Amino acid sequence: MTKNILLVGVGGQGTILISKILSVGLVQKGYDVKMSEIHGMSQRGGSVTTQIKYGEKVYAPNIGEGEADIIISFEKTETIRALPYLKKGGTVITDVHEIYSMPVLTGTVEYPHDAIDVLEKSIPNVIVVKAAEVAQKLGNTRAQNIVLLGALVKSMKLDDIDWEPIVAQFVPAKAKDVNIAAFRAGFEM
Amino acid sequence: MMNKVIMSGDEAVARGVYEAGCHVAAAYPGTPSTEILENIGELYKDDIYCEWATNEKVAAEVAAGASIGGARALCAMKHVGMNVAADPIFTMGYAGVNGGLVIVSADDPGCHSSQNEQDNRLYAPHAKLAMMEPSDSQECKDFTIAAFELSERFDIPVMLRMTTRVCHSKGLVEQGVRASVPVKTYERKVDKFAMLPATARKRHAIREQLLVEMEAYSNACPYNRVENAKDDKIGIITSGISYEHAREVFGDDANYLKLGLTYPLPRDLIKGFAERMETLYVIEENDPYLENAVRALGFDCIGKDKIPICGELNAEIVRSALKGGEKEASCNVPVEAPPRPPVLCAGCPHRGFFYTISKNLKKIVPVGDIGCYALGVNAPLNGFDFSICMGAGLSSIIGLAQALKMQGDSRKALGMVGDSTFFHTGLNSLIDVISSEANVIACILDNSITAMTGHQENPGTEKNLMGRPSPVVDLVALVRATGISEDRIRIVDPLDLDAMQAAMDAAIEVSGPFIIITKRPCALIKDVIKANAGKHCVIHADKCKSCKQCMKITCPAIAFQDGRAVIADPASCTGCGLCQQMCKFGAIEKVGE
């Protein structure tokens, strides 16, 4: 059975890096894997989505509405934007991190700070991970993505794959220790 | 398992180009095709001559010349680039090849980053090119290699037609080794390659004959295959990414005619398949290219009457179009996400230019073009009224100026292109501006890089795709060489708002052509990031009068919080100082210099 993972965030948050790590781990485990991302306009501070599908044999690379088994979100309102893609009964792992878009910065639209509280009341499987905060405490805000990876691995029961060497392979050598710590922190949350 | 690597479609094409023993590759950057040449430049430049051409027509001609000369050659472009390159490509359709010639067209269903979603499969019959459509990364590599072989075998350019999801999706690809393919001997063959009328008439007839022979091959080749189910109830004819969607929706319950070589189409194979199916579906994205062929053979089918012609497909869309059934809403959450449109980056030099435009809209009608500066269209900058295609920013204003004059509108038409777009097709437009003495303002926004597609080198940069130093083409000297008088050119720093306004005043005041060149490198260039490290602005809360003037430049580093403007993201602020120039109360200070 194919599993569909949807990663959402804002350009520059490192969604693509963890999808690369995920793909390598899933391939090692012997799964067929497809990963889809959109480049171009989305880089300039816009919403970014990356999609990973794995299973015995994967055909279509992209995830349609109502098809995601799990949504991993790096930003509060991006979680809300991605919800139509969630499968009925699917899981949401979300950071509570806030990044303001231009309409919010200029004050034309209000930012829904309570979005995650509302979400938790509306659907059952919501896992809140303060990944950005944890990464900051560990000393590197950029490790937010690896904290979320840890949480994802735990939720999807993918811990029979040896992730730490793969993480180490994809992050800069000097940031290796902090990223391994970030992965463990995410897994243990 | 050991030699399987996860690769995007673009990476796999680059690998295929390498393994096919290709010698020459050229492209102009364009999403979603850019990474093909980027990968060749990064990984295979020791074996393949590769370059960023000034535009797609030039890229196609570089490849055509290499092919005629006996080398295996590839050119790659996004779908709209094929329009630019159509002229040489149509001629090569008649002429054929010497070394194998492969043309990659990367289409963008859904317009993820394009001005249209044209279906370039229609180019294949029109230009008389063979066409292959890969469905996944493995096929991207395999079909690229096959395309070179078929090109030489049938003496025809082969178009490899991809789409965004094929280009940018990653899947497992088996690695091979580079074939040793010697460059063929070049011989003078005027009756084949000198395309004068007499040659063209002869070559056309030869092409038609070769297409008949190639169709026989198409009917029996491994790239067009039937996958049988246990009964003949449902038959699906499909190609490219649509095969993957169809497979996901119908699984093993349907028979598939999976087409990889889609021009010339295997009509006998289609006939044989269609005849035995109770219900026949044709599943394809955008135009009914396959469906029209199926119907021309006399078969009824379900296709574009159910499947949307507009937009990108996914399995869910195909499922609800063909299988119906009400979809259950997965969740109803009473919160709305604020929109998050892409914006000009903090420190972007275009911001100063667009702010000046927004201040002068009573006197000018601004026209845009393709590049990062397309992001200037949104409110409150309202940086241009319309945009068409690469280069049109400087040529459409010539006609616009005439139309404005005829209706007594005194505003002056102003067009803009970036440096890379100027080298692409803007130069021709500018020459027309000068020679027609058009009453326009032509702006060239020189940020020293091809920014939108991810910082590719261009004729104005000091390095080329192969990583070697290259001569820098002097953009200003090129402009001066058009013969425009010196008092009608201004070269300004777009982040200096007074200088920008002075240039705009001078441009509006005179009748006839005026050229403004803004010069300031993109804030994301590595050396610029290094130079700006640690620099940022601070807004002193005690001096901020909450007038929101600094918000008018729409910088993503500035936010209005608790009744005051603040630099919300000092890490992204480059200290460009534009907000400082906006503040009348001296509340903003540059620090870290």
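Small disclaimer: the values here were computed from a predicted structure and weren't measured. (Residues numbered from 1 in each chain as written. Chains lettered and ligands numbered in written order. Predicted model: local features only at pLDDT ≥ 70, side-chain atom pairs only at ≥ 80, totals over all residues. Heavy atoms only, no water.)

Re the overall build of chain B
Part 1 of the argument: Secondary structure assignment for chain B yields 20 helices and 22 strands.
Part 2 of the argument: Its C-alpha atoms give chain B a radius of gyration of 27 Å, near enough to 25 Å, the size a compact globule of 593 residues would have.
Part 3 of the argument: Reported as C-alpha extents along the three principal axes, the dimensions of chain B are approximately 80 × 65 × 55 Å.
Part 4 of the argument: Residues classed as buried in chain B amount to 59% of the 593 residues present.
Part 5 of the argument: Expressed as a percentage of contacts within chain B between residues at least 6 apart in sequence, the contacts between residues at least 24 apart total 75%.
Part 6 of the argument: By element, 52% of the accessible surface of chain B is carried by carbon and sulfur atoms, the whole surface being about 23500 Å².
Part 7 of the argument: When the 61 positive and 73 negative side-chain charges of chain B are each reduced to one mean point, those points stand 3 Å apart. (Helix = DSSP H or I, 4+ residues; strand = E, 2+ residues; numbered from the N terminus. Rg over C-alpha atoms; globule rule 2.2 N^0.38 Å. Buried < 20%, exposed > 50% of the residue type's maximum accessible area, 1.4 Å probe, protein only. Contact = heavy atoms within 4.5 Å. Areas by Shrake-Rupley, 256 points an atom, 1.4 Å probe, with all protein chains shown as cover. Lys, Arg positive; Asp, Glu negative; His and termini not counted. Charge placed at Lys NZ, Arg CZ, Asp CG, Glu CD.)

A word on the pairing of strand β18 (residues 514-519) of chain B
All names here are of chain B.
Part 1 of the argument: Of all 6 residues making up β18, 5 are buried, and the element is well covered by its neighbours.
Part 2 of the argument: Where strand β16 (residues 440-446) meets β18, 6 bridges bridge the pair, whose relative direction is parallel. If you follow Ala-442 over to β18, its bridge partner there is Ile-515.
Part 3 of the argument: As defined by bridge partners, strand β17 (residues 489-492) adjoins β18 across 4 bridges and the pair is classed as parallel. By the bridge assignment for β18, Arg-490 is matched with Ile-516.
Part 4 of the argument: Each parallel crossover has a hand, and for β17 linked through helix α18 (residues 497-509) to β18 it is right-handed. (Pairing = 2+ DSSP bridges. Right-handed = clockwise from strand over helix to strand, strands pointing away.)

Observations regarding the sheet that holds strand β14 (residues 364-367) of chain B
Residue and element names in this part refer to chain B.
Part 1 of the argument: With parallel pairing, 5 strands are arranged side by side in an open sheet as β14-β15-β16-β18-β17. At either end of the open sheet lies a strand with only one pairing partner, and these are β14 and β17. If you compare each strand with its neighbour and ignore which way they point, the axes differ by 20 degrees on average.
Part 2 of the argument: Sheet contacts for helix α15 (residues 392-406): β14, β15 (412-418) and β16; angle to β15, the most-contacted strand, approximately 175 degrees. (Axes fitted to C-alpha atoms, helices over the stretch in contact; angles between N-to-C directions.)

Focus on the pattern of salt bridges
All names here are of chain B.
Part 1 of the argument: All chains considered together, the criterion is met by 39 salt bridges over all chains.
Part 2 of the argument: Here Arg-72 makes a salt bridge to Glu-152, at a shortest N to O gap of 2.9 Å. A residue pair is termed long-range when its members are at least 10 positions apart, and Arg-72 in the loop between α3 (56-68) and β4 (73-78) and Glu-152 in helix α6 (residues 137-153) qualify at 80 residues.
Part 3 of the argument: Between Lys-202 and Asp-191 there is a salt bridge whose closest N-O contact spans 3.6 Å. Separated by 11 residues along the polypeptide, Lys-202 in helix α9 (residues 197-220) and Asp-191 in helix α8 (residues 190-193) bring together distant segments of the chain.
Part 4 of the argument: Of the residues examined, Lys-202 reaches a relative accessible area of 42% and is grouped as partly exposed. (Salt bridge = Lys/Arg side-chain N within 4 Å of Asp/Glu carboxyl O.)

Topic: the packing of aromatic side chains
Part 1 of the argument: Using the criterion set out here, one finds 11 aromatic pairs over all chains in the structure.
Part 2 of the argument: The interplanar angle of 20 degrees and the centroid separation of 4.6 Å between the aromatic rings of Tyr-18 of chain B and Tyr-44 of chain B together place this pair among those described as stacked. Here Tyr-18 of chain B is found in helix α1 (residues 9-19), whereas its partner Tyr-44 of chain B is found in the loop between α2 (34-43) and β3 (49-52), with 26 residues between them in sequence. One exposure class covers both Tyr-18 of chain B and Tyr-44 of chain B, and it is buried.
Part 3 of the argument: Consider the rings of Tyr-243 of chain B and Tyr-256 of chain B, whose centres lie 6.1 Å apart with planes at 80 degrees: the pair is edge-to-face. Of the two residues, Tyr-243 of chain B is situated in helix α10 (residues 240-250) and Tyr-256 of chain B in strand β11 (residues 255-259); the sequence distance between them amounts to 13 residues. Here Tyr-243 of chain B and Tyr-256 of chain B have matching classes, each one buried.
Part 4 of the argument: Among the aromatic residues, ring-to-ring pairing joins Tyr-59 of chain A together with Tyr-243 and Tyr-256 of chain B into one connected group.
Part 5 of the argument: One Lys or Arg, Lys-57 of chain A, reaches over the ring of Tyr-59 of chain A and ends 5.2 Å from the middle of that ring. (Phe/Tyr/Trp six-rings, centres within 6.5 Å; stacked < 30°, edge-to-face > 60°. Lys NZ or Arg CZ within 6 Å of the ring centre and 35° of its normal.)

Structural notes on the interface of chain A and chain B
Part 1 of the argument: Counting residues at the interface gives 57 residues for chain A and 57 residues for chain B.
Part 2 of the argument: Taking both sides of the interface into account, the surface hidden between chain A and chain B amounts to around 4700 Å²; carbon and sulfur atoms contribute 62%.
Part 3 of the argument: Where chain A packs against chain B, one counts 5 salt bridges.
Part 4 of the argument: Between Arg-319 of chain B and Glu-67 of chain A there is a salt bridge, and its shortest N-O distance comes to 3.1 Å.
Part 5 of the argument: Applying the counting criterion to the chain A and chain B interface returns 16 residue pairs in polar contact (both at pLDDT 80 or more). (Buried area = accessible area lost by both parts, 1.4 Å probe. Polar contact = N/O pair within 3.5 Å; in protein donor to acceptor, adjacent residues only side chain to side chain.)

Looking at the domain arrangement of chain B
Part 1 of the argument: Here the domain parsing of chain B yields domain 1 (4-220), domain 2 (224-322), domain 3 (350-528) and domain 4 (534-591).
Part 2 of the argument: Using only C-alpha atoms to locate each centre, domain 2 of chain B and domain 3 of chain B end up separated by 47 Å. (Domains from an automatic or database assignment.)

Let's talk about the environment of Gly-563 of chain B
All names here are of chain B.
Part 1 of the argument: With respect to the helices and strands, Gly-563 occurs in the loop between β20 (558-561) and β21 (564-567).
Part 2 of the argument: Note on Gly-563: relative accessible area 36%, which makes it partly exposed.
Part 3 of the argument: With 15 residues separating them in the primary sequence, Gly-563 and Lys-548 have C-alpha atoms 9.6 Å apart.

Thoughts on the side chain of Asp-32 of chain A
Part 1 of the argument: Its location among the elements puts Asp-32 of chain A in strand β2 (residues 32-37).
Part 2 of the argument: Side-chain polar atoms of Asp-32 of chain A contact the backbone nitrogen of Val-58 of chain A, separated by 2.8 Å.
Part 3 of the argument: Not counting residues up to four positions away in its chain, the partners in contact with Asp-32 of chain A are Lys-53, Tyr-54, Gly-55, Glu-56, Lys-57 and Val-58 of chain A together with Leu-172 of chain B.

With respect to unusual backbone geometry
As a rule of thumb, non-glycine residues mostly have phi less than zero, and peptide bonds are mostly trans rather than cis.
Part 1 of the argument: In this model, Thr-31 of chain B is joined to Pro-32 of chain B through a cis peptide bond whose omega is 10 degrees.
Part 2 of the argument: With an omega of -5 degrees, the peptide bond between Tyr-263 of chain B and Pro-264 of chain B qualifies as cis.
Part 3 of the argument: One non-glycine residue with positive phi stands out, namely Lys-157 of chain A, at about 55 degrees.
Part 4 of the argument: Lys-157 of chain A gets classed as exposed once you look at its relative accessible area, which sits at 66%.
Part 5 of the argument: Look at Asn-286 of chain B: it is not a glycine, yet its phi comes out positive at around 60 degrees.
Part 6 of the argument: Here Asn-286 of chain B lies in the loop between β13 (279-283) and α12 (289-296).

Topic: the sheet that holds strand β10 (residues 234-239) of chain B
Residue and element names in this part refer to chain B.
Part 1 of the argument: Overall, mixed pairing links the 4 strands, which are arranged β9-β11-β10-β13 in an open sheet. Of all the strands in the sheet, just β9 (224-227) and β13 have a single pairing partner and so form its edges. Averaged over all adjacent pairs, the angle separating strand axes in this sheet is 15 degrees, with direction ignored.
Part 2 of the argument: Sheet topology places β9 next to β11; 4 bridges connect them, and they run antiparallel.

A closer look at the side chain of Glu-291 of chain B
Part 1 of the argument: Structurally, Glu-291 of chain B is set in helix α12.
Part 2 of the argument: With residues near it in sequence (within four places) discarded, Glu-291 of chain B still touches Val-282, Glu-284, Cys-301, Gly-303 and Lys-304 of chain B.

A look at the nonpolar core
Residues and elements named next belong to chain B.
Part 1 of the argument: Counting residues in hydrophobic clusters, the biggest one holds 93 residues, and the most contacted among them are Leu-37, Ile-40, Leu-74, Met-132 and Ile-237.
Part 2 of the argument: Broken down by element, this core gets its largest block of residues, 7 residues, from α6.
Part 3 of the argument: The residues that make up this core include at least three from each of domain 1 (4-220) and domain 2 (224-322).
Part 4 of the argument: Among residues more than four places away in sequence, those in contact with Ile-40 are Ala-14, Val-17, Ala-25, Lys-45, Ile-48, Cys-50 and Leu-74.
Part 5 of the argument: In this structure, Leu-414, Leu-475, Val-492 and Cys-537 belong to the second largest nonpolar core, which totals 79 residues. (Core = buried A, V, L, I, M, F, W, Y, C linked by side-chain atoms within 4.5 Å.)

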